[in-house]
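# Fold and geometry: a report
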Amino acid sequence: MNEDQRSLLLSSSARFPPPQGAKLSYGTAGFRADASILQSTVYRVGILAALRAVKTQSVIGLMITASHNKVSDNGIKVADPSGGMLSQDWEPFADTLANARDPQQLVQLITEFVENEKITLDGSKKVEILLARDTRPSGESLLEAARQGISSIIGAVALDMGILTTPTLHWMVRARNKGVKASEIDYFEQLSSSFRCLVDLIPSGSNTRNEADKLVVDGANGVGGEKLETLKKMFNGLVIDVRNSGKEGGVLNEGVGADYVQKEKVAPSGFSSQDVGIRCCSLDGDADRLVYFIVPSTSSGRIELVDGDKILSLFAVFIKEQLSILKKKRDVNVNDGYQCCLGIVQTAYANGASTDYLKQLGLEVIFTPTGVKYLHEKAAQYDIGIYFEANGHGTILFSEQFLQWLEAKIAELSDVAKGSEPHKAAMRLLAVTKLINQAVGDALSGMLLVEAILQHMGWSIEKWNKLYQDLPSRQLKAKTNSGNYQVKVVDRTAVVTANAETVVAKPPGIQEAINAETAKYPRGRCFIRPSGTEDVIRVYAEASTEHAADSLASSVAKLVDQKLGSGT
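Now for a look at the structure at hand. Only a predicted model underlies this, so the values are computations on that prediction, with no experimental measurement involved.

### Considerations on the sheet that holds strand β5 (residues 156-163)
- On the basis of which strands lie adjacent, the open sheet formed by five strands has the order β1-β3-β2-β4-β5 and mixed pairing. Pairing within the sheet leaves two strands with one partner each, and these edge strands are β1 (31-34) and β5. The average angle at which neighbouring strand axes cross in this sheet is 15 degrees, direction not considered.
- Sheet topology note: the strand β2 (residues 60-64)/strand β3 (residues 73-79) ladder contains four bridges and is antiparallel. Bridge pairing in β3 places Met-63 opposite Lys-77.
- Seen against the sheet, helix α6 (residues 166-177) touches β2, β3, β4 (127-133) and β5 and runs at an angle of roughly 165 degrees to β4.

### Some details on the sheet that holds strand β12 (residues 364-368)
- Spatial strand order, β12-β11-β13-β14: four strands in an open sheet with mixed pairing. A strand with exactly one partner marks an edge of an open sheet, and here the two such strands are β12 and β14 (394-398). On average, each strand axis in the sheet is tilted by 20 degrees relative to the strand beside it, whichever way the strands run.

### Quick look at helix α17 (residues 510-518)
- Taken together, the buried positions of α17 are occupied by Ile-510, Gln-511, Ile-514, Glu-517 and Thr-518. Along α17, the residues classed as buried sweep out an arc of 125 degrees about the axis, all on the same side.
- Lining the buried residues of α17 we find β17 (503-506), β18 (525-530) and α18 (546-564).

### Side note on the packing of helix α13 (residues 400-416) against helix α14 (residues 421-435)
- Running from N to C, α13 and α14 cross one another at 145 degrees; their axes reach a closest spacing of 9 Å. The chirality of how α13 crosses α14 is left-handed. In contact with Phe-402, Leu-403, Leu-406, Glu-407, Ile-410, Leu-413 and Ser-414 of α13, α14 contributes Pro-422, His-423, Ala-426, Met-427, Leu-429, Leu-430 and Thr-433.

### Some details on the side chain of Ser-282
- With respect to the helices and strands, Ser-282 occurs in strand β8 (residues 279-283).
- Given the relative accessible area of 0%, Ser-282 is considered buried.
- At 2.6 Å, the side chain of Ser-282 and the side chain of Asp-218 are in polar contact.
- When neighbours within four sequence positions are excluded, Ser-282 is seen to be in contact with Asp-218, Gly-257, Ala-258, Val-261, Pro-268, Arg-289, Leu-290, Val-291 and Phe-293.

### So, the layout of surface pockets
- If you add up the space inside the second largest pocket, you get close to 390 Å³.
- Taken together, 16 residues form the lining of the second largest pocket, with Arg-174, Lys-178, Thr-433, Lys-434 and Gln-438 sitting closest to its centre.
- Elements with a contribution of two residues or more to the lining of the second largest pocket: α6, α13 and α14.
- A per-class count over the lining of the second largest pocket returns six nonpolar, five polar and five charged.

### Structural notes on helix α8 (residues 223-231)
- Across the nine residues that make up α8, a large majority, seven, are buried.
- For α8, every residue scored as buried is listed here: Val-223, Gly-224, Gly-225, Lys-227, Leu-228, Glu-229 and Leu-231.
- Those residues of α8 hidden inside the fold are in contact with β5, α7 (184-200), β6 (214-218), β7 (239-243), β8 and α15 (443-457).

### Some words on unusual backbone geometry
- Cis rather than trans, the peptide bond between Lys-506 and Pro-507 has omega equal to -5 degrees.
- Positive phi, close to 65 degrees, is recorded for Ala-220, a residue that is not glycine.
- Residue placement: Ala-220 occurs in the loop between β6 and α8.
- One non-glycine residue with positive phi stands out, namely Ala-500, at about 55 degrees.
- Take Ala-500: it is sitting in the loop between β16 (496-498) and β17.

### Comments concerning the pattern of salt bridges
- According to the stated counting rule, one finds 27 salt bridges in the structure shown.
- Put simply, Asp-213 and Arg-279 hold a salt bridge, and the shortest N to O gap is 2.8 Å. Here Asp-213 is found in the loop between α7 and β6, whereas its partner Arg-279 is found in strand β8, with 66 residues between them in sequence.
- Note that Arg-243 and Asp-275 form a salt bridge whose closest N and O atoms lie 2.7 Å from each other. You can see Arg-243 sitting in strand β7 and its partner Asp-275 sitting in the loop between α9 (258-264) and β8, a full 32 residues away along the chain. The burial state of Arg-243 is the same as that of Asp-275; both residues are buried.
- Connected through salt bridges with shared partners, the residues Lys-214, Asp-241, Arg-243 and Asp-275 form a single ionic network.

### Digging into the side chain of Ser-245
- Assignment of secondary structure puts Ser-245 in the loop between β7 and α9.
- For Ser-245, a relative accessible area of 5% puts it in the buried group.
- Within polar-contact distance, the side chain of Ser-245 engages the backbone nitrogen of Lys-247 at 3.4 Å.
- Leave out the neighbours within four places in its chain, and Ser-245 touches Asn-221, Gly-222, Gly-225, Glu-226 and Glu-229.

### Quick word on empty space enclosed by the protein
- Evaluation of the coordinates by the stated rule reveals one cavity of 30 Å³ or more.
- Lining the largest cavity we find 14 residues, and of these Phe-388, Gly-394, Asp-442, Ala-443 and Gly-446 sit closest to its centre.
- Where the lining of the largest cavity is concerned, the elements lending two or more residues are β14 and α15.
- Tallying contributions element by element places α15 first for the lining of the largest cavity, with three residues.
- Classifying every residue of the lining of the largest cavity gives five nonpolar, seven polar and two charged.

Conventions and cut-offs
Residues numbered from 1 in each chain as written. Predicted model: local features only at pLDDT ≥ 70, side-chain atom pairs only at ≥ 80, totals over all residues. Heavy atoms only, no water. Pairing = 2+ DSSP bridges. Helix = DSSP H or I, 4+ residues; strand = E, 2+ residues; numbered from the N terminus. Axes fitted to C-alpha atoms, helices over the stretch in contact; angles between N-to-C directions. Contact = heavy atoms within 4.5 Å. Buried < 20%, exposed > 50% of the residue type's maximum accessible area, 1.4 Å probe, protein only. Arc of directions from axis to C-beta. Left-handed = near helix turned anticlockwise from the far one by under 90°. Polar contact = N/O pair within 3.5 Å; in protein donor to acceptor, adjacent residues only side chain to side chain. 1 Å grid on protein atoms, 1.4 Å probe; cavity = no way out; pocket = protein on both sides within 12 Å on 5 of 7 lines; lining within 4 Å. Points joined across faces, edges and corners; volume = space filled by probe spheres on them. Nonpolar A, V, L, I, M, F, W, Y, C, P; charged D, E, K, R; others polar. Salt bridge = Lys/Arg side-chain N within 4 Å of Asp/Glu carboxyl O.

In C-alpha cells form, the structure reads like this:
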C-alpha cells in the first residue's frame, strides 16, 4: 500500500470512530443493529466493497436496509459480482474490519489483507460500487458513510442508485457485470414484458379467472409498496390494490409485512372482513420476501397462510408441466437427448407435507443446512434449481447450459413448429427465466410469477392452498412467550449435526432418544440444532395434530435439557 492510500485511509477513518462496547458480526443479512451505532460499520463496509471490486474487477453493490426489522434498526450488506451475497471467504475479514478499535489497527488489517489477497491499490483501474437504500429515515446518512468508505480507496467510485428494493440492487449488479442495461426502469420493463408474455401464452381452454378479480398487496409500509405503485402501471391483465405503501402514515414493519404475517398468522393492519375471499399477499420491508394469505370468514383472526413452501410447490408444478410438454412427441420431435435436471432445495424447517407432495410429483428434493446461502449454492448445481424458505424468501436458478439449450430449442421450433405446444412451453420457460430474479429472492418478481401461473392454471388461491395440507408444527426457541419450554445449554457447540441438520451426530445417544420419542407420534418428525448466536438448542417438531406437535417438541426439549442442560 502506497503512502497516499495509507494517508487517505487514516484521515477518513478518523471521522468514523467505532461505537464503544458494540461488537458486530457479518451474517446472511450482513450487519444489522440500531441505526444510531452503525456509522462506523457502514463506512468500513464501504472500504470492503471497494476492495472487493478491485479484487474481482467487477461491479459490487451495497444495500442499506434492515429488511423486516423495526424502523429504528438499519444494516448493510454486500452484493457480489453474481448479484448474490458476499463470498463467505470474505465474511471473517468483514468482522475484523468492522471491529477494529482505531484507524491504525484498521489500516494494518487492510494492509495485511490486500497483501494476502494480492490486491493492488494503485488506482490504475476505476471500479464501481452501486449504492442503494430503503425508505428508513436513517438510510440517507448511512449511505453517505458508505460513500466515504468507498472513496477512501483510490480508484473506487460510488454510484448512488437512490431508494430501491434490495432485490433490484442485486439484479442491477448482476446485470451490469453481464454487460446488460441495468437501471430500475430497465428491471421493471423486464418484469412487465415477461409477465405479459406468460399471460399471452395462457392456453385458450384455460379456466381463466374473472378479469375483475384483484390482488390486494400489503407493502409493509416500506419500499416494496412504493415501487409496486409504479410497477403496476406498466402492465395490464392484473388488478393490484396496494395497501400499507408507506404513504398512509403507517410505520415500517409495525403490524404489517411478510415476516409479521408469517409468524403471527394474522392479517396485517389495513385488512378486514371486507377482504374475505380476495387473494392477498404481503411483502417484507425491503421486498425480498413474499407470502400469500386468505382472510378468515370467522372472527378467529387467524389467516390461512400460503407460505414459501406453497410458492415453491406452485413454481415446481408449473415448470415440471412445461418440461413435460417439451418432451412429448406430438406436434414435432423435440427429444434431442438433452436431459434437464430439475432440483428442489429445502431446509429441514420446510413443512413435511410440502416435501412429501413434491416427492410424490417425482421431483428430486434435497436438503441443506439452514440459511439462504446454502440453499442458493445447492440450487445452482442443477439445470433448474428451485429453493424457498417457509418465510417466503427464495427464487429459481437456471444454468447457462440450460439457457443455451432453451434458446436453441426455441429457434429450432420457430422454424418447424411455431405455435405448437412444445414451442409455447419453451417460450413460457424463457419468460420465467426473465421474470424471476436469479440473483436473490424478490417479492415483486415472485408475486408476478405466482399471478401468471395462477392465471395459466385457472386456479383460485383456495385451490392453490389445497395442493396439500400443512402438518401442524412447533418450534421452541430461546426467547419465547411464557409457557414455552426453553432449552438453554452450557455449550451449544457440544451438539454437532449431520444430514442438513436433521440428525445429531454428537454427543452420542441423543439422536436415538429423539427417534424413540418421535416414533410415538403419527407422522412425527423432530430435529434439534444449535443456535448460531446464543447457547440455546432449537427444537422443531411436526405431527398429525397440533397437540401432538406441541407434545413432541416439549418432550424432546426436556430430553435435551436432561442431557445437555445448564440446570438454570
